[in-house]
Amino acid sequence: MNHLFMQTIIRTLVTCCLLILTSSQVLAQSFMPSPQQIQQFQNLPRAQQEQLARQMGFDLSVLEGAQGGNQSQGSENQPEFVEREVDDEQISAQRARQSVIEAEAKKLKPFGFDLFKNRQEATAPLANTPVPSNYTLGPGDSVKLQLFGKETGSFELVVNNEGNIDLPDLGPLAAVGASFQELKQLVNEKYSQQKIGVTPFISMGQLRSIQVFLVGEVFRPGPLVINSLSTITTALINSGGVSEIGSLRNIELKRSGKTIGNFDFYDLIVYGDTSNDLKLEQGDVIFVPTARNIVSVDGEVRRPAIYEMVAGEDVSSLVRLAGGVLPSADTSAVQLVRASNQNGLSVKSINLSNSTSGGQALQNGDFLRVPKATLEFSNAIKVTGAINLPNIIADTGQVALSTLVSRNTLLANTDLEYALIARRARFDAKTSIIQFTPNDVLNGKFDLQLQSFDELYLFDRFANDNAEGVVAKVTDGNLKTSQDDLKAKAGDSKEMSEAQFLQNQENNRFTTRAFEKQASLSASRKLVLAPLIARLKSEASEQHPVQLIEITGQVKYPGVYPLPQHSSIQTMLKAAGGLTESAHLEIAEITSMVINNGKSEIKHNRVNLIEQLVLDTQQQVKLLSKDVLNVLRIPDWYENNIISLEGEVVFPGVYQISRGETLSSVIKRAGGLTEKASPRAALFTREELKLKERENIDKAIEDLREQLANNNLSNSQFSRTVDYDNATRVLDDLTDVEPVGRMVINLPDILKGIVAEDIELKNGDRLIIPNITPAVSVIGEVFVSTTYRFDQSLTLYDYIERAGGAREFGDTSKIYIVRADGSVSIPRSNYWFSSNSGTVLEPGDTIVVPRDVTNYDNISLWQGVTQILYQSAIAVAAVRTL
């Protein structure tokens, strides 16, 4: 009977649920089954739920959706969350007000506030977090009950406001105040007493929400709804954390008017200790007092910041909070700045290695600075250049030069005749230069005990001698101004000055930067020596002249070199890579600067290198500070000077020429001219004339552009307006002009042996002997620029008329003739008033009708421009006829 009654109730319940889900909103509002009725249906076994669903013809998921809707309605008390934009600068500014060095403290981050950053949702225990056995139940909590045995079923039982849960068929059971473990025992006892063959299993369901209060220096004071498993940290994080001046280390938890615990956020942040992070209960109060002991630490620590200290903590404690010191820290000279009412500011030096000093107590406002240690190697030897060794070698006190310079370390390209040791102890003011020959070290003829701070230089004997930028400035040959070069000048910001270069090199000479491997194995002498040269320049004084000399002339590597102890001509020639093949061994010049009666004088002294080099080095001439050794070149030393003979030459080609050789001599060597040669039309070019022509063309372009600009701004009523399009074409033509470098010569007279007409040749000269066609060309301002067969009976007028006559802008008063040899001839009579110009034309001549520019501003400019264009065209045409 009871079973049939239960089925009737369930059918009614399901029908009501279906009506609610499918009927109109009005019907839904008129009748709604209670959550208890839906809960009773869901407490049935799954198989019975599915059977009833099939009988009633509805989808079981409909009820599940209804349950979800009810759950959403019952989840109003979600944990609250306050979003906060943590401003480190603002917090630091507030906390730094308590520091004795406020300006420095403001630059530091406030420690501990990162925990409140970037929060976008409430912090709460995870849903699958195991509930501790001592968890105390209260109204709103729910437990899940599963029955096994004679009866089966699953139930979710909610602790009601009276503190009870309703056990199926057994009635209410008091749950408030009981721990989760105790509730398990009570349910087991209840079923064992009243249900035979039924075993219950209890698990925790939904947790209740509780309300706590946050007061004091918190970001948002007031009530806060949180999960019942939440702790002090959960509440503070969800509320936005402490304020700018709030304490992170003395947070009080009050319950029923009594302080039941204190929490230190640093325990969690630094050590991961949550032992004092107490679980909160309904009505608890979290009180955050003002931070009263603020100290700052910066310098060589892992976590420089503004910290809050508590009673009993000292300097060592602060350093531990800061993550400890860095390897670069000088722990023996830590500075503690403190203020007192009687004495004002004071600074105290603390040795962290000393437990007594490290135990120095701290007080509010203290500022601790851990300085950087002197990061210089104290026992290092530096190696630079063409040798396969690390940059830094440890000085064990027994490092001989021969242990470093050996057949195992030297490279195939290492210069075995020149190497240096620059010796300057750590606190010495002057550097001494020791020059040696690596070959002597390999052969056991030379050895030396190296010392700390020695610098060993070896060089590449095949490296180029190029230098750029500041290196080129440092290694230039002006030794008289070496001190001035090292002075920082205004305007050196774009490019490093010599003073900056010296500072960078010296500051990093024996630091960790020197430990970095540099690409100097194949560097030029100048690049390797530049730091040493800059240092030697800086060491110069009135009592210690700069220890540098310069070697110029016929040596392999001219330049500035350090002046070693016991210097001689031979040692300095080795420094410059030795003599070249063209060196004059009998004459060299030493230029010295001497001070006489307070004035500097330059003296020159010639020496015989052969005589000097056969002497012992101690007997050779000694070179002094700022001396310049110039190795002269053998006079008339062979150079590859050439001339090119082209065209109608018996043996055309490129010929080597000697100093002073003439054109007639080379033509004779080439077998003379062929029968078809036209000597009168010879074209002779020279490279230096090309450069001059190029300058003239560039100047004409600039002048023409300026003329056009001025013409656009102001047009005179007495000047003809310049056609802009025409002028632009002229500019384009000028830009395309390639200079020929033609020199007008009288080759027929040269071939006749007339010495006055012969010319001395230079490197790069070119002679072109054409076989000209008997023709006359007409170019310029004519209707048709063309070439006509030479007719002795035709006059200048006839040729121009055959070309269509002069155009509108042609200036017939300035007609001229360019002869085949490049010379210019002016007709003796006017074109318009004489049918016979009186000028004899010859084959190969070119008649030029220039443009009329008499009414243009700057007539000479336009005449020059047109002349450049016409003559260039004629010269290029002559070359192309070959």
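Our subject in this report is the structure included herewith. (Residues numbered from 1 in each chain as written. Predicted model: local features only at pLDDT ≥ 70, side-chain atom pairs only at ≥ 80, totals over all residues. Heavy atoms only, no water.)

Scanning the chain from terminus to terminus reveals 27 helices and 36 strands. Relative to its 882 residues, the chain shows a buried fraction of 43%. Excluding contacts between residues fewer than 6 apart, the proportion of contacts in the chain whose partners are at least 24 apart in sequence is 66%. Counting only carbon and sulfur atoms, one obtains 49% of the accessible surface of the chain, whose full area is about 46,300 Å². (Helix = DSSP H or I, 4+ residues; strand = E, 2+ residues; numbered from the N terminus. Buried < 20%, exposed > 50% of the residue type's maximum accessible area, 1.4 Å probe, protein only. Contact = heavy atoms within 4.5 Å. Areas by Shrake-Rupley, 256 points an atom, 1.4 Å probe, with all protein chains shown as cover.)

This paragraph deals with the packing of aromatic side chains. Scanning all chains against the criterion turns up eleven aromatic pairs. Ring geometry for Phe 111 and Tyr 307: centres 4.8 Å apart, planes at 35°, overall tilted. Note that Phe 111 is positioned in the loop between strand 1 (109-110) and strand 2 (142-149) and Tyr 307 in strand 13 (residues 305-308), a separation of 196 residues in sequence. Note on Tyr 418 and Tyr 561: the rings are 6.2 Å apart at their centroids and 80° apart in plane angle, and the pair reads as edge-to-face. Placement of the pair is Tyr 418 in strand 19 (residues 414-423) and Tyr 561 in strand 23 (residues 559-562), with a sequence separation of 143 residues. Note on Tyr 561: relative accessible area 2%, which makes it buried. (Phe/Tyr/Trp six-rings, centres within 6.5 Å; stacked < 30°, edge-to-face > 60°.)

In terms of nonpolar packing, the biggest core is built from 44 residues, with Leu 236, Leu 280, Ile 286 and Tyr 307 touching the most fellow members. Sequence-distant contacts of Leu 236, defined by excluding residues within four places in its chain, comprise Phe 116, Leu 214, Val 218, Gly 241, Ile 251, Phe 265, Ile 286 and Val 288. Grouped together as the second largest cluster of nonpolar side chains are 43 residues, Tyr 418, Val 560, Ile 569 and Ala 576 included. (Core = buried A, V, L, I, M, F, W, Y, C linked by side-chain atoms within 4.5 Å.)

This part covers helix 19 (residues 525-539). Here helix 19 contains 15 residues, and its C-alpha end-to-end distance of 21 Å stays within 8% of the 21 Å for a straight helix at 1.5 Å per residue. Of all the bends in helix 19, the greatest measures close to 40° and is centred on Pro 531. Here helix 19 lies mainly inside the structure; twelve of its 15 residues are buried. Regarding helix 19, the residues found buried are Arg 525, Val 528, Leu 529, Ala 530, Pro 531, Leu 532, Ile 533, Ala 534, Arg 535, Leu 536, Lys 537 and Glu 539. (Expected span 1.5 Å × (residues − 1). Bend = angle between axes of the 7 residues up to and from the residue.)

Glancing now at helix 6 (residues 88-96). Every buried residue of helix 6 is listed here: Asp 88, Ile 91, Ser 92, Arg 95 and Ala 96. The buried residues of helix 6 occupy one face: seen down the axis, they fall within an arc of 125°. Where helix 6 is buried, its residues contact helix 7 (102-105), strand 1, strand 12 (294-299) and strand 13. Its side-chain oxygen placed 3.1 Å from the backbone nitrogen of Glu 89, Asp 87 serves as the N-cap of helix 6. (Arc of directions from axis to C-beta. Polar contact = N/O pair within 3.5 Å; in protein donor to acceptor, adjacent residues only side chain to side chain.)

This next bit is on the pairing of strand 22 (residues 548-553). Pairing of strand 22 with strand 23, which is carried by four bridges, proceeds in the antiparallel orientation. Across the sheet, residue Leu 548 finds its bridge partner in strand 23, namely Pro 562. The hairpin turn running from strand 22 into strand 23, its antiparallel successor, is five residues long. When strand 22 meets strand 26 (residues 628-633), the two strands line up parallel, connected through four bridges. For Thr 552, the partnering residue across the bridge sits in strand 26 and is Asn 630. (Pairing = 2+ DSSP bridges.)

Two side chains that carry opposite charge are able to pair once their charged atoms sit near each other. Using the criterion set out here, one finds 34 salt bridges in the structure. Two residues, Lys 109 and Asp 114, come together in a salt bridge whose shortest N-O distance is 3.5 Å. Among the residues examined, Lys 109 registers a relative accessible area of 42% and is labelled partly exposed. The partner of Glu 688 in a salt bridge is Lys 762, with the nearest N and O atoms 3.1 Å apart. Linking Glu 688 in helix 23 (residues 687-713) with Lys 762 in the loop between helix 25 (747-751) and strand 31 (765-769), this pair joins segments that are 74 residues apart in sequence. Residues joined by salt bridges that share partners form a network here, namely Arg 424, Glu 455, Glu 506, Arg 509, Arg 535 and Glu 539. (Salt bridge = Lys/Arg side-chain N within 4 Å of Asp/Glu carboxyl O.)

Before going further, it helps to examine the sheet that holds strand 34 (residues 816-818). One open sheet accounts for five strands, arranged 33-32-36-34-35; its pairing is mixed. Lying at the two open borders of the sheet, with one neighbouring strand each, are strand 33 (786-789) and strand 35 (824-825). Both strand 34 and strand 36 (residues 846-849) contribute to a ladder of three bridges, which runs antiparallel. Within strand 36, the position partnered with Tyr 816 by the bridge is Val 848.

With mixed pairing, five strands are arranged side by side in an open sheet as 18-17-21-19-20. Both outer strands of the open sheet, strand 18 (392-394) and strand 20 (432-436), are each paired with one neighbouring strand and no more. On average, adjacent strands in this sheet sit at an angle of 20° to one another, irrespective of strand direction. Here strand 17 (residues 380-385) pairs with strand 21 (residues 454-460) via four bridges, running parallel. Bridging across to strand 21, Thr 384 finds its partner in Tyr 457. Contacts from helix 19 reach strand 17, strand 19, strand 20 and strand 21, with the element oriented near 150° to strand 21. (Axes fitted to C-alpha atoms, helices over the stretch in contact; angles between N-to-C directions.)

Moving on: the environment of Val 649. Mapped onto the fold, Val 649 is located in the loop between strand 27 (642-647) and strand 28 (653-656). Separated by 23 residues in the primary sequence, Val 649 and Gly 672 have C-alpha atoms spaced 6.1 Å apart.

A few words on the environment of Ser 825. Structurally, the position occupied by Ser 825 is in strand 35. With 14 residues separating them along the chain, Ser 825 and Thr 839 place their C-alpha atoms 8.6 Å apart. A polar atom in the side chain of Ser 825 sits 3.4 Å from the side chain of Arg 819.

What follows deals with a nonpolar patch on the surface. Taken together, the side chains of Leu 585, Ile 610, Val 614 and Leu 615 define a hydrophobic patch exposed on the protein surface, amounting to about 340 Å² of accessible area. Following the sequence through the fold, Val 614 ends up in the loop between helix 21 (609-613) and strand 26. (Patch = residues over 30% accessible without salt bridge, like charges linked within 9 Å, V, L, I, M, F, W, Y side chains within 5 Å.)

Quick look at the packing of helix 17 (residues 498-507) against helix 19 now. One can describe the packing of helix 17 onto helix 19 by two numbers: an axis separation of 9 Å at closest approach and a directional angle of 105°. It follows from the interaxial angle that helix 17 and helix 19 lie roughly perpendicular. Between helix 17 and helix 19, the contacting residues are Glu 498, Phe 501, Leu 502, Gln 505 and Glu 506 on the first element and Ala 530, Pro 531, Ala 534, Arg 535, Lys 537 and Ser 538 on the second. (Parallel < 35°, antiparallel > 145°, perpendicular 65-115°, else oblique.)

Next up on the list: the side chain of Asp 267. Of note, Asp 267 is situated in helix 10 (residues 265-271). Buried and unpaired, Asp 267 has Arg 249 as its nearest opposite-charge partner, separated by 5.1 Å. Non-local contacts of Asp 267, meaning those with residues more than four positions away in its chain, are made with Gly 272, Asp 273 and Asn 276. (Lys, Arg positive; Asp, Glu negative; His and termini not counted.)

Attention shifts here to a negative patch on the surface. A contiguous patch of negative charge, built from Glu 83, Glu 85, Asp 87 and Glu 89, is present on the exposed surface. Here Glu 85 lies in the loop between helix 5 (60-73) and helix 6. Among the residues examined, Glu 85 registers a relative accessible area of 74% and is labelled exposed. (Charge placed at Lys NZ, Arg CZ, Asp CG, Glu CD.)

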